[in-house]
Amino acid sequence: MCSVLANNQPKALRVAVETLGCRSNYADSVSLQAALLERGAVTCGFDSVADVYVLNTCTITDAADREAMKIVRQVRARAPHAKVVLTGCLAQSRRAALEGYPGIDAVVGLSSKSEILAVILGVNDAGGEPETEPIVQLASLKSPISHQIAGPSRTMGEIATRARYHLRIQDGCRNCCTYCIIPQIKNELSSRSAEDVLDDIRYLASVGYREIVLTGTHLGAYGEERGSSLMELLSLLAGKSAVRRIRISSLDPNELCPEVIDLIAENELFCAHLHVCIQSFSDSVLKRMNRRYRMEDVREILWYINNKLPRCCIGSDVITGFPGESRQEVDKAIEEFLGLPISYLHVFPYSERAGTPALRLKDSVPVVERRRRAALWRKHGEARRRDFLQGCAGRELEIIAERAVGGAIYGTSREYAPVKLPLPKGSNNVFAGYPAVGATAIVRAVAFNESEKKLICQLSNPEN
Ligand code: SF4
C-alpha cells in the first residue's frame, strides 16, 4: 500500500519506528514494522528522513515519560512536516492529555495493530480496503484503545536469515508493586489463547524463525483471566511446538514453581535461560515494594533451578536506592546475592513515577546515592557474567547465527551467551560448512574474550 504524498506520484511511505522500554514493547514494534513492510511502506531508522515517526513509549517512571517527550520535540524540530504518532504505555495512560500536545499528530494503542495501521496507512490489519484516510490527512483516531493482543502478521514471506521473534502473549498486570504504574494503566488482563500461540509459533517457524521469545507485561499472569496458566501453555508447547527453541522472557520468583522448572529441564525446546525479576535482595525492601515473595522463596527456587539445570543462565533485575533503603540493607542484600546462583544482573537506580504508592514512602535516597549503589551492583553483576561465560569454556553450545561480519559469525546460545565464531581467513563472511545467518550450529566454546564480551568458539558440528 502506498500513500500519495506529493505531485500525485505514488511513493512508498517511509516510517521510522523507535522503541522505549521493555521486551514487550520491542515485540510490538517488530510486529508493527513487519506489517508496515508487507503493506509497501519502507521502514527506516529514527534518525533518517521519514514521512511518519512512530514512537512506542514506556511510562514506568517519570524519567521515561520525559524521555519520550524529549524525543518528540527532537523529531519535530528535525522534521517539521513529518507526522508523529505516539503509541505504547505512555500513549495508553495519558491519551487525552497527549492528543492536544504540540508536535503529536496521533495517539494510539499498540495492542491492536489494526488500529495503528489504520492510522498510519489507512488500511485494516487483514489487508483490506482503507478504513480511514492515511495519517497524512488524519489528526487522530477516536476509537477506544483495545486490549486485544495482536498476533504476528500473516503475510511474511519465508526468509532463511530470520533468527529470533519476540512474541507478546500476555498484557496487563494486577499486582500492586509500589514503584510501578502499570496496574493503573493496564489493569485488564489479556492473553492470547493457547491455540493462537501454537498457531502463531507454527506460522513463525514456517517463515524461518528459529527462536521465539515469549513476552508479556506480566508473563507469569498468562492465562489467569481465562482460568489457564503459563504452565498449561508450556506443557502444550512442549508436546507440539514447531519451532527449534523457545525462550521465556521474565518471571517473578513466586511464578517459577518446581513443575515449571521440571518441564523446562526435561524439554530441549526450552532455552536454559531464565530471567527472574527479583528487584531487591532485602526482605524489608521487598516488603516496601509490595513484592509477593521473600528471600526464602528466592533462595529455594534459584537453587532448585540450579540443581535441575546446572548450566542454566539465571538473570535478575535490581532496583537500587528504593525509598528507605539503608546502607545496612544494601550490605545484607549484596551478601544474599553473592550466595545465590545468579549469572547476570540488570541494574536500575530507583526513579520516581507520579501516581505510584512509592511516592508516599518516607526517607527518599538521594539520586547520587542511588547511582552509587547502582554502580556497585553493576560491578557484582559484571563479575557474575564473566564467571558464567568463563564457565562455558570447553562446552558444546547450540547457537543461532545472527550476523556475519568482519570474518566472523555472531550469535547467541541457548544459555544466552553471546558467541563469536571466527571464519577461516579470506572467507568473506561465508564459508562452506559454517552456518549461514539464521541457521543453527553446534559450536565448542574455547575461551571468554573479556574485551569483546563474547565467547570465542570453534565449529563443532554444522547443521541447518
Ligand atoms: S508485577 Fe509489579 S513491576 Fe511487574 S508490571 Fe506488575 S506491578 Fe509492575
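Residues numbered from 1 in each chain as written. Predicted model: local features only at pLDDT ≥ 70, side-chain atom pairs only at ≥ 80, totals over all residues.

A few points about the nonpolar core
Consideration 1: Ranked by size, the top nonpolar core spans 118 residues in total, and within it V15, V85 and I212 carry the most contacts.
Consideration 2: Setting aside anything within four residues of it in sequence, one finds V15 in contact with L36, A41, T43, A50, D51, V52, V54 and I120. (Core = buried A, V, L, I, M, F, W, Y, C linked by C-beta atoms within 7 Å. Buried ≥ 20, exposed ≤ 12 C-beta atoms within 10 Å, placed from the backbone. Contact = placed C-beta atoms within 7 Å.)

Description of the packing of helix α9 (residues 258–266) against helix α11 (residues 295–308)
Helix-helix packing: each pair is described by the crossing angle between the helix axes and the interaxial distance.
Consideration 1: Running from N to C, α9 and α11 cross one another at 20°; their axes reach a closest spacing of 10 Å. When the interaxial angle is binned, α9 and α11 end up roughly parallel. The interaxial crossing formed by α9 with α11 has right-handed handedness. Listed contacts from α11 to P258, I261, D262 and A265 of α9 are Y304, I305 and K308.
Consideration 2: Class assignment for the residues of the contact of α9 with α11 results in five nonpolar, no polar and two charged. (Axes fitted to C-alpha atoms, helices over the stretch in contact; angles between N-to-C directions. Helix = DSSP H or I, 4+ residues; strand = E, 2+ residues; numbered from the N terminus. Parallel < 35°, antiparallel > 145°, perpendicular 65-115°, else oblique. Left-handed = near helix turned anticlockwise from the far one by under 90°. Nonpolar A, V, L, I, M, F, W, Y, C, P; charged D, E, K, R; others polar.)

A closer look at the sheet that holds strand β6 (residues 83–88)
Consideration 1: Across the sheet, five strands lie side by side as β4-β3-β5-β6-β7; this open sheet has parallel pairing. Across the chains shown, the open sheet's two edge strands, defined by having one partner strand only, are β4 (42–44) and β7 (106–107).
Consideration 2: The pairing of strand β3 (residues 14–19) with strand β5 (residues 52–57) spans five bridges and is classified as parallel. Residue pairing across strands places V17 opposite V54, the latter belonging to β5.
Consideration 3: Taken strand by strand, helix α1 (residues 23–38) contacts β3, β4, β5 and β6, and its axis lies near 170° from that of β3. (Pairing = 2+ DSSP bridges.)

Describing the environment of Q92
Consideration 1: On the secondary structure map, Q92 appears in helix α3 (residues 89–93).
Consideration 2: Using a count of 20 C-beta atoms within 10 Å as the deciding quantity, one classes Q92 as buried.
Consideration 3: In this structure, the C-alpha to C-alpha distance between Q92 and T57, residues 35 residues apart in sequence, is 9.2 Å.

Topic: the confidence of the model for the protein chain
Consideration 1: Counting all residues, the mean pLDDT for the protein chain is 86, and 87% of those residues have values of 70 or more.
Consideration 2: Note that pLDDT drops below 50 for residues 123–146; the model gives that stretch 56 contacts with residues more than four away or on any other chain. (pLDDT = per-residue confidence, 0-100.)

Focus: the sheet that holds strand β13 (residues 313–320)
Consideration 1: Within the open sheet, the seven strands sit side by side as β9-β8-β10-β11-β12-β13-β14. Their pairing is mixed. Of all the strands in the sheet, just β9 (190–191) and β14 (344–349) have a single pairing partner and so form its edges.
Consideration 2: Of the strand pairs in this sheet, strand β11 (residues 245–251) and strand β12 (residues 270–279) are connected by three bridges, and their pairing is parallel. Paired with I246 across the strands is F270, a residue of β12.
Consideration 3: Here helix α13 (residues 367–392) sits on the sheet in contact with β13 and β14, set at roughly 170° to β14.

A look at the environment of G406
Consideration 1: Looking at where G406 falls in the secondary structure, it is placed in the loop between β15 (396–405) and β16 (408–413).
Consideration 2: For the pair formed by G406 and L423, sequence separation is 17 residues and the distance between their alpha carbons is 9.1 Å.

Let's talk about helix α7 (residues 194–206)
Consideration 1: Between its first and last C-alpha, α7 extends 18 Å over 13 residues, near the 18 Å set by a 1.5 Å rise per residue.
Consideration 2: Those residues of α7 lying buried are A194, V197, D200, I201 and L204. Projected down its long axis, α7 carries its buried residues within an arc of 120°, all on one side. For α7, the exposed residues set more than 90 degrees away from the buried face come down to E195 and S206.
Consideration 3: Where the residues of α7 are buried, they touch β8 (164–171), β10 (211–216) and α8 (230–240).
Consideration 4: Remark: G208 follows α7 within two positions and exhibits a positive phi of approximately 115°. (Expected span 1.5 Å × (residues − 1). Arc of directions from axis to C-beta.)

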